[in-house]
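Here is what each chain is made of, one letter per residue.
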Amino acid sequence: SSLEEQVLLPGVKGLPLIAPLRQGAIGVQGWNVLHGDTSYPVAVLKTSALRHNLEWMRDFCARHGVRIAPHGKTTMCPQLFGAQLANGAWGITLANAVQVRVAHRFGVRRVLVANQLVARSDVRMVLQLLHEDPGFECVVLADSLAGVARLAEEVDTHPLVRTLPVLVELGLSGKRAGCRTPEEALTVARAIERAPGLVLAGFEGYEGLLVSDDPDADLRAVSSFVARLCALVREADDEGLFGAREILVTAGGSSYFDLVARGFQELHGLSLPLVPVLRSGCYLTSDHGMYQRHIEALDAREGTAKGEGLRAALEIWSVVQSRPEPGLAILTMGKRDASHDAGLPLPLWHHRPGPGAAHALPDGCEIVKMNDQHAYLRLPEGAVRDMLAVGDLVGCGISHPCTTFDRWPLLLAVDDDYAVRFALNTFF
């Protein structure tokens, strides 16, 4: 509600403001992206796809007996956090202390920091929040004895009403953080169990680092990694290292979370109740590139009917600003507007501003390059070269939503006719 009441000033990216406007009034302006009513480029989220994906993941979790704490760093959008929590999310996963403060400010009551808090200032920021709000829950990670010692030192200096729950991270050789062997992970777990003020809550891993160009090898590697993670849980339980009321085990990025869910189903017969948590963040918006390919494979493994899986919700619309060559159109969007780390945007639609539906661009249209503020849309031979004129609109899908959201402090939620319904804010 605080975001709806804030006043937006002229200059907000994507909005055609010439005077201040209360954010909550955006939906009654009568704007439509296809009519040319917004500024361009503009980032939009299709509400029908968002609703579908929220329901799809809720049903998936119920079917597999797992919970989800979606990675909030994907969107850093309080309104979307609220929608995910309202659809059964166990909590929100975050990457650092600043993101924790943002989530708490907008009402998130449980967070999982899927990263090591090492800087004293960051640890203290989180501990201060736990002091101010004893009902707030925050689970953190450790992957070394040094990391455990730093957490324990700060908790000893700033005692909490409750012990701080810590997960041990199991990593992968040559990849980012995490214990490299199960033996190292158990050593860290024992240190947490002995540390005053800390409690071993469970184990964590991220199988997404195993994604490669060989899907069959990925399936084997992910299944093996999840099995090692589950074996760690059993060994720690046999040693009586867990000090909370339940055992938390978490993994599951946006590519192979079905394999993680199945792997967690093998964990039974423990001394405490198990809480298996997935952390996919990109499921909510999906995309038209990298994740679409992975989700199609997931649908095949799940037996999901075509069209019933996760749907792409995020698009970037821009204007043809130049037709300098017959086979080239220059668009008013670039690296400052759309992700390009996992593939360039995919041109989907074209429309001459005004009433009517957008038309699909034919095969062969491809964005081949982007500058900061320009995209190079290569056009194949044929009628499409005569279709696109300066001033026409082009709608693009993206690959990897994470690095598109952080380019937009405000996105517009639209219906299937691209009528603007409300705004969504990000906090990067």
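S.K.: Tell me what's going on with the overall build of the chain, and back it up with residues and numbers.
M.R.: The helix and strand inventory of the chain stands at 12 helices and 20 strands. A compact globule built from 428 residues should have a C-alpha radius of gyration of about 22 Å, and the chain, at 23 Å, falls within 12% of that. Seen along its three principal axes, the alpha-carbon backbone of the chain occupies a region of about 70 × 50 × 35 Å. Expressed as a percentage of its 428 residues, the buried residues of the chain come to 54%. Contacts spanning at least 24 positions in sequence make up 71% of the contacts within the chain whose residues lie at least 6 apart. Within the chain, one finds 40 positive and 49 negative side-chain charges whose respective centroids are separated by 3 Å.

S.K.: I'd love a proper account of the side chain of H351, names of residues and values included.
M.R.: With respect to the secondary-structure elements, H351 resides in strand 14 (residues 346-351). Polar contacts involving the side chain of H351 include one to the main-chain carbonyl oxygen of L34, which spans 3.4 Å. Other than its neighbours up to four places away in sequence, H351 contacts L34, G356, A357, A358, D392 and L393.

S.K.: Please set out the nonpolar core residue by residue, giving values where relevant.
M.R.: Grouped together as the largest cluster of nonpolar side chains are 109 residues, with contacts concentrated most on L198 and F203. The element that contributes the greatest number of residues to this core is helix 8 (residues 215-238), accounting for 8 residues. Look past the residues within four positions of L198 in its chain and what remains in contact with it is V148, L151, A152, V155, T163, L164, V166 and I192. With 22 residues, the next largest nonpolar core counts I26, W31, L34 and A358 among its residues.

S.K.: With reference to specific residues and values, describe helix 10 (residues 290-302).
M.R.: Think of an α-helix as turning once every 3.6 residues; residues three or four places apart then point the same way. With 13 residues, helix 10 should reach 18 Å at 1.5 Å per residue; the first-to-last C-alpha distance of 19 Å fits that figure. Restricting attention to buried positions, one finds in helix 10 the residues Y291, H294, I295, L298, D299 and E302. The arc that holds every buried residue of helix 10, seen down its axis, measures 145°, which confines them to one face. Structural note: helix 10 exposes R293, E296 and A300 on the side pointing more than 90 degrees away from its buried face. Packed against the buried residues of helix 10 are helix 2 (47-64) and helix 9 (257-264).

S.K.: Describe the sheet that holds strand 4 (residues 67-68), listing the residues and the values that go with them.
M.R.: Taking strand neighbours across the sheet as the criterion, the 8 strands line up as 4-11-10-9-8-7-6-5 in an open arrangement whose pairing is parallel. The sheet is open, and its two borders are formed by strand 4 and strand 5 (92-94), each paired with just one other strand. As defined by bridge partners, strand 7 (residues 137-142) adjoins strand 8 (residues 164-170) across 3 bridges and the pair is classed as parallel. Bridging across to strand 8, V140 finds its partner in V166.

S.K.: Would you mind going over a negative patch on the surface in detail, with residue names and values included?
M.R.: Taken together, the side chains of E183, E184, E235 and D238 define an acidic patch exposed on the protein surface. Looking at the negative patch, the elements that each hand over two or more residues are helix 7 (182-194) and helix 8. The topology assignment puts D238 in helix 8. Note on D238: relative accessible area 69%, which makes it exposed.

S.K.: Which residues make up the pattern of salt bridges, and what values go with them?
M.R.: The tally for this structure, following the rule as stated, stands at 21 salt bridges. Taking the shortest distance from any N to any O, the salt bridge between E153 and R120 comes out at 3.6 Å. Here the residue E153 occupies a position in helix 6 (residues 145-157), and R120 occupies one in helix 5 (residues 120-132), the gap between them amounting to 33 residues. Residues R262 and E302 are paired through a salt bridge, measuring 2.6 Å at the closest nitrogen-oxygen approach. In this pair, R262 is assigned in helix 9 and E302 in helix 10, connecting sequence segments 40 residues apart. Through salt bridges with shared partners, a single network forms among R63, D258, R262, R301 and E302.

S.K.: Give me unusual backbone geometry: which residues, what numbers.
M.R.: In this chain, Y40 is followed by P41 through a cis amide linkage whose omega measures 5°. The residue P41 is located in the loop between strand 2 (21-22) and strand 3 (42-46) in this model. For S286, which is not glycine, the phi dihedral falls at a positive 50°. Within the element layout of this structure, S286 appears in the loop between strand 11 (274-278) and helix 10.

S.K.: Tell me about helix 8, and please be specific about residues and values.
M.R.: Here helix 8 is 24 residues long and its end C-alpha atoms lie 35 Å apart, about the 34 Å a rise of 1.5 Å per residue gives. Every buried residue of helix 8 is listed here: D218, V222, F225, V226, L229, C230, L232, V233, A236 and D237. Among the structural elements, strand 8, helix 7, strand 9 (198-205), strand 10 (247-251) and helix 9 are those in contact with the buried residues of helix 8. In the segment just after helix 8, G240 is the residue with positive phi, at about 70°.

S.K.: Summarise the packing of aromatic side chains; cite the residues concerned and give the values.
M.R.: Summed over the entire model, instances satisfying the criterion amount to 6 aromatic pairs. Between W56 and F257 the ring centres are 6.2 Å apart and the planes differ by 80°, which places this aromatic pair in the edge-to-face class. In this pair, W56 sits in helix 2 while F257 sits in helix 9, placing the two residues 201 residues apart along the sequence. Of the two residues examined, W56 and F257, each falls in the buried class. Here the aromatic rings of W317 and Y418 are separated by 5.2 Å at their centres, their planes lie at 70°, and the arrangement is edge-to-face. Remark: Y418 occurs in the loop between strand 19 (410-414) and strand 20 (420-425) and W317 occurs in strand 12 (residues 314-325); sequence separation between them is 101 residues. As far as the burial class goes, W317 and Y418 line up, both buried. An aromatic cluster of three or more residues is present, and its members are W56, F60 and F257.

How each quantity is defined
- Residues numbered from 1 in each chain as written.
- Predicted model: local features only at pLDDT ≥ 70, side-chain atom pairs only at ≥ 80, totals over all residues.
- Heavy atoms only, no water.
- Helix = DSSP H or I, 4+ residues; strand = E, 2+ residues; numbered from the N terminus.
- Rg over C-alpha atoms; globule rule 2.2 N^0.38 Å.
- Buried < 20%, exposed > 50% of the residue type's maximum accessible area, 1.4 Å probe, protein only.
- Contact = heavy atoms within 4.5 Å.
- Lys, Arg positive; Asp, Glu negative; His and termini not counted.
- Charge placed at Lys NZ, Arg CZ, Asp CG, Glu CD.
- Polar contact = N/O pair within 3.5 Å; in protein donor to acceptor, adjacent residues only side chain to side chain.
- Core = buried A, V, L, I, M, F, W, Y, C linked by side-chain atoms within 4.5 Å.
- Expected span 1.5 Å × (residues − 1).
- Arc of directions from axis to C-beta.
- Pairing = 2+ DSSP bridges.
- Patch = residues over 30% accessible without salt bridge, like charges linked within 9 Å, V, L, I, M, F, W, Y side chains within 5 Å.
- Areas by Shrake-Rupley, 256 points an atom, 1.4 Å probe, with all protein chains shown as cover.
- Salt bridge = Lys/Arg side-chain N within 4 Å of Asp/Glu carboxyl O.
- Phe/Tyr/Trp six-rings, centres within 6.5 Å; stacked < 30°, edge-to-face > 60°.

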